[in-house]
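Structure at a glance
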Amino acid sequence: MAQLNYRSDVSAPEAGGDKPALSMEGMCRDILARHEDTISVRNPSIAVLRLKRILVAALDLSNSGGFQAMSLRDLSEKSGMSTGGLYAYFDSKTTLLRMILAQVTHVVETVLTDPPEAVTDDPVAHLRWMVDAHLRLTEDLLPWFVFAFMEAKNFPPAERRLAIDSEALTEGLFADVIKTGIAQGQFRSETSELLPALIKPLLQDWYVKRAKYRRREISLEAYSGTVKDIILRYCVPNAGEL
């Protein structure tokens, strides 16, 4: 797999309230705040810097050779940290895995549950926004999402459940908007309950098969527009007039 690039600073999709920090530094600060019991380093500036080195190395190694195949020696060499230094942040590879998965789920939930006020009362606009927001989020955090998708089959049972729950969360958020649209008469009453489950693979294809779309010179905007068109033509009466 090609080397994945990390953005040092990115903008979150437009949201209704505070936006999560999606830079690698921001993600690290968030992880530190939510894993104080696991991480023993107390100096925030040092902790963020070193955790960033660990995560960049872990995601690079995992996305090139697999998380299962990555040893602590590999991670130590790639990050430039001693094994003892690594243990100041996690006590096992499974704990590191859990940190990454929990962060991905946290960011998805934070972004997708905080839409702009302008779309909350309009299911069509809300659905459009959710597609855009999810695709832009995966673009900004590409290595994280590729990791979560590609490694899922090798996760231990508890961590596999985390990944399944994260996917169910996304489907549930789309399902809620679609149910609202049906209740308001904006979406067809016979819209299938399977639609949210079918939306998820369309969103995943963008980051799992990036090389395919890059070769075809498909932009994020073009892909997002097509996905929205497919969804709305199915569930909205007279969709051609949108």
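Note that this is a predicted model, so its numbers are computed, not measured. Each chain carries its own residue numbering, running from 1 in the direction its sequence is written. For a predicted model such as this one, the threshold for reporting local features is a pLDDT of at least 70, and the threshold for listing and counting side-chain atom pairs is 80 or more; totals across whole chains, interfaces and linings nevertheless cover every residue. Side-chain numbers here rest on the full set of heavy atoms in the structure, without hydrogens or water.

**Examining the overall build of the protein chain**
- By definition, any uninterrupted DSSP run of H or I lasting at least four residues is a helix, any uninterrupted run of E lasting at least two residues is a strand, and each is numbered from the N terminus. When its secondary structure is counted, the protein chain shows twelve helices and zero strands.
- Counting helices and strands in the order they occur from the N terminus, the protein chain gives α-α-α-α-α-α-α-α-α-α-α-α.
- Long-range pairs, those at least 24 residues apart, make up 68% of the contacts in the protein chain between residues at least 6 apart in sequence.
- Split by element, the accessible area of the protein chain, about 12000 Å² in all, is 50% carbon and sulfur. Two residues form a contact once any of their heavy atoms are found within 4.5 Å. Note on areas: Shrake-Rupley, 1.4 Å probe, and residue coverage restricted to the protein chains presented here.

**Overview of the packing of aromatic side chains**
- Pairing of aromatic side chains requires ring centres within 6.5 Å, counting the rings of Phe and Tyr and the six-membered ring of Trp. Pairs whose planes differ by under 30 degrees are stacked, by over 60 edge-to-face, and all others tilted. Under the counting rule described, the total for this entry stands at seven aromatic pairs.
- Taking 4.9 Å as the distance between ring centres and 65° as the angle between the ring planes, the aromatic pair formed by tyrosine 213 and tyrosine 223 counts as edge-to-face. With a gap of ten residues between them, tyrosine 213 in helix H11 (residues 210-215) and tyrosine 223 in helix H12 (residues 220-235) connect regions that are remote in the sequence.
- Residue classification places tyrosine 213 among the buried residues on the basis of a relative accessible area of 10%.
- In this structure an aromatic cluster arises from ring pairing among Phe67, Phe147 and Phe155. The buried label applies to any residue whose accessible area, calculated with a 1.4 Å probe on protein chains only, is under 20% of its type's maximum; exposed applies above 50%, and partly exposed to all values in between.

**So, the side chain of serine 79**
- The topology assignment puts serine 79 in helix H3 (residues 72-79).
- Given the relative accessible area of 7%, serine 79 is considered buried.
- We define a polar contact as two N or O atoms separated by no more than 3.5 Å, with the added condition that, inside protein, one atom must be a possible hydrogen donor and the other a possible acceptor, whereas residues neighbouring each other in sequence contribute only through side-chain atom pairs. At a separation of 3.4 Å, a polar atom in the side chain of serine 79 contacts the main-chain amide nitrogen of methionine 81.
- Setting aside residues up to four positions removed in sequence, serine 79 forms contacts with Arg53, Ile54, Ala57 and Leu86.

**With respect to the pattern of salt bridges**
- Salt bridges are defined as contacts in which a side-chain nitrogen from Lys or Arg sits within 4 Å of a carboxyl oxygen from Asp or Glu. Counted under the stated rule, the structure contains eleven salt bridges.
- As a salt-bridge pair, lysine 212 and aspartate 205 come within 3.4 Å of each other at their nearest N and O atoms.
- Residue aspartate 205 is classed as buried on the basis of its relative accessible area, which comes to 16%.
- Note that aspartate 229 is salt-bridged to arginine 233, the shortest N-O span being 2.9 Å. Pair noted here: aspartate 229 and arginine 233 are both in helix H12, with a separation of four residues, about one helical turn.
- Counted as one network, the salt bridges with shared partners bring together Asp205, Lys209 and Lys212.

**Some points on the layout of surface pockets**
- Only protein atoms enter the calculation, which uses a 1 Å grid: trapped sets of points that fit a 1.4 Å probe without letting it out are cavities, open sets showing protein on both sides within 12 Å along at least five of seven lines are pockets, and any residue with an atom within 4 Å of a point is a lining residue. Grid points are joined across faces, edges and corners, and a volume is the space filled by probe spheres set on the points. Space inside the second largest pocket adds up to approximately 260 Å³.
- Lining of the second largest pocket is provided by 17 residues; of these, Ala148, Phe149, Ala163, Ser166 and Glu167 occupy positions nearest its centre.
- If you list the elements that add at least two residues to the lining of the second largest pocket, you get helix H5 (93-112), helix H8 (142-150), helix H9 (157-183) and helix H10 (195-208).
- The element that contributes the greatest number of residues to the lining of the second largest pocket is H9, accounting for five residues.

**Here we look at the packing of helix H2 (residues 44-65) against H3**
- Where H2 meets H3, the axes come as close as 9 Å, and the angle between the chain directions of the two elements is 120°. As far as their axial angle goes, H3 and H2 are oblique. Crossing handedness for the pair H2 and H3: right-handed. Note on element contacts: H3 touches H2 through Asp74, Leu75, Lys78 and Ser79, opposite Arg53, Ile54, Ala57, Ala58, Asp60 and Leu61.
- Taken together, the residues that form the contact of H2 with H3 break down as five nonpolar, one polar and four charged. Structural elements are reduced to axes, namely lines fitted to C-alpha atoms, with helices fitted over the stretch in contact, and the angle between N-to-C directions of any two is expressed from 0 to 180 degrees. When describing relative orientation, an angle under 35 degrees is termed roughly parallel and one over 145 degrees roughly antiparallel, while 65 to 115 degrees is termed roughly perpendicular and anything else oblique. Handedness of each helix crossing follows the sense of rotation of the near helix against the far helix: counterclockwise by less than a right angle gives left-handed, clockwise gives right-handed. Amino acid classes used here: Ala, Val, Leu, Ile, Met, Phe, Trp, Tyr, Cys and Pro are nonpolar; Asp, Glu, Lys and Arg are charged; the rest, including Gly, are polar.

**Regarding the nonpolar core**
- Leu55, Leu75, Tyr89, Phe90, Leu96, Leu127 and Trp144 are the most contacted members of the largest nonpolar core, which has 70 residues in total.
- Among the elements that make up this core, the one with the highest residue count is H5 (ten residues).
- The split of the chain into domains comes from an automatic or database domain assignment. Both domains that meet at this core, namely domain 1 (7-91) and domain 2 (101-237), each give it at least three residues.
- Every residue in contact with leucine 127, bar those within four places of it in the chain, is listed here: Phe174, Val177, Ile178, Phe187, Ile231, Leu232 and Cys235. The term nonpolar core refers to a set of buried residues drawn from Ala, Val, Leu, Ile, Met, Phe, Trp, Tyr and Cys, joined through side-chain atoms within 4.5 Å.

**Observations concerning the UniProt feature "DNA-binding region" (unreviewed entry) in the protein chain**
- UniProt positions are given in the numbering used here, feature names are shortened, and annotations may be inferred rather than shown by experiment. On the UniProt side, "DNA-binding region" (unreviewed entry) is annotated at positions that read residues 71-90 here.
- Within the segment residues 71-90, helix and strand shares are 65% and 0% respectively, and the terminal C-alpha atoms sit 14 Å apart.

**Some details on helix H7 (residues 123-140)**
- Any helix carries an expected span of 1.5 Å times its number of residues minus one. In a regular helix each residue adds 1.5 Å, so 18 residues correspond to 26 Å; H7 covers 25 Å between its end C-alpha atoms and thus fits that length.
- The residue sitting at the N-terminus of H7 and contributing the capping side-chain oxygen is aspartate 122; that oxygen lies 3.1 Å from the backbone nitrogen of valine 124.

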